[in-house]
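Structural overview
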Amino acid sequence: MEALEYSQAELVRRIKNKDMVAYEHMINTYTKMIYYLAYNILSAAHPKEDIEECVADVFLDAWIKIAEFDETKANFRTWLLILTKYKALAYRRQNKKNNIVNIEDIEIKDDIDIEKQFFLRKDQEQVMKIINSFQKTDRELFVRRFLMGEKISDLARAFNLSRAAVDNRLLRGRKIIKESLQYE
């Protein structure tokens, strides 16, 4: 049987029409990417089975929530990554609720780390807004480099750019984010 290829718009349209072949294509195309992000968020405290369940839940959410997808706000891949991030964070929160620990057994090692984590979480939404305001190529470079951990050399090949051009785009993007968040 011949493998089908869909454009993003065609894939989204077919999934909205509840086409199971398109749904399977989405799973085959995006499983590795979604698993990688879920693994990065969950691997410290969750077994492999939980990560796999999270990935399956992301695809189910995509199937159910496909009508909410807006092509003018993000591309389909980015939308799936955002679904993955929030689903994995929900799994992580759920795990924390299930693991009750005696407060006397906890040793606080570094207050600065806790403060940094608080501000990182607070700024995360703002950072996503800034990244979404980037030009398409820069936005895709940022997502693939910093959310998916792709190598700069692989990105340079994928976008037909020199390594220096990719480095410059990423540097410029980080500078915009830092300035927007008013960091020095």
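**Overview of the side chain of Thr84**
Mapped onto the fold, Thr84 is located in helix α4 (residues 76-98). Ignoring any residue separated from it by four or fewer positions in sequence, one finds Thr84 in contact with Ile34, Leu37, Ala38 and Val58.

**Some remarks on the environment of Ser153**
Topologically, Ser153 is positioned in helix α7 (residues 152-159). Residue classification places Ser153 among the partly exposed positions, given a relative accessible area of 31%.

**Overview of the packing of aromatic side chains**
Evaluation of the coordinates by the stated rule reveals 6 aromatic pairs. Judged by centre distance (5.8 Å) and plane angle (70 degrees), the ring pair of Tyr30 and Phe76 falls under edge-to-face. Residue Tyr30 is located in helix α2 (residues 20-42), and its partner Phe76 is located in helix α4; the two are separated by 46 residues in the primary sequence. Exposure class is identical for Tyr30 and Phe76. Each is buried. Relative to Phe76, the ring of Phe69 lies with its centre 5.5 Å away and its plane at 85 degrees, an arrangement referred to as edge-to-face. We note that Phe69, like Phe76, is buried. Joined through ring pairs, the aromatic side chains of Tyr30, Phe69, Phe76 and Trp79 make up one cluster. Above the plane of the ring of Trp63 lies Lys18, whose end atom (NZ or CZ) is 4.7 Å from the centre.

**Details of the pattern of salt bridges**
Between side chains of opposite charge, a pair can form when the charged atoms approach closely. Under the criterion given, the structure shown has 10 salt bridges. Here Glu10 and Arg13 are joined by a salt bridge, their closest N and O atoms 2.8 Å apart. You can see Glu10 and its partner Arg13 sitting in helix α1 (residues 8-16), 3 residues apart, about one turn around the helix. According to the relative accessible area criterion, Arg13 is partly exposed, its value standing at 41%. Of the charged contacts in the structure, one is a salt bridge between Arg157 and Asp154, with a shortest N-O distance of 2.4 Å. Of this pair, Arg157 and Asp154 both sit in helix α7, separated by 3 residues, roughly a single helical turn. Here the salt bridges do not stand alone but share partners, grouping Glu10, Arg13, Arg14 and Asp19 into one network.

The rules we used
Residues numbered from 1 in each chain as written. Predicted model: local features only at pLDDT ≥ 70, side-chain atom pairs only at ≥ 80, totals over all residues. Heavy atoms only, no water. Helix = DSSP H or I, 4+ residues; strand = E, 2+ residues; numbered from the N terminus. Contact = heavy atoms within 4.5 Å. Buried < 20%, exposed > 50% of the residue type's maximum accessible area, 1.4 Å probe, protein only. Phe/Tyr/Trp six-rings, centres within 6.5 Å; stacked < 30°, edge-to-face > 60°. Lys NZ or Arg CZ within 6 Å of the ring centre and 35° of its normal. Salt bridge = Lys/Arg side-chain N within 4 Å of Asp/Glu carboxyl O.

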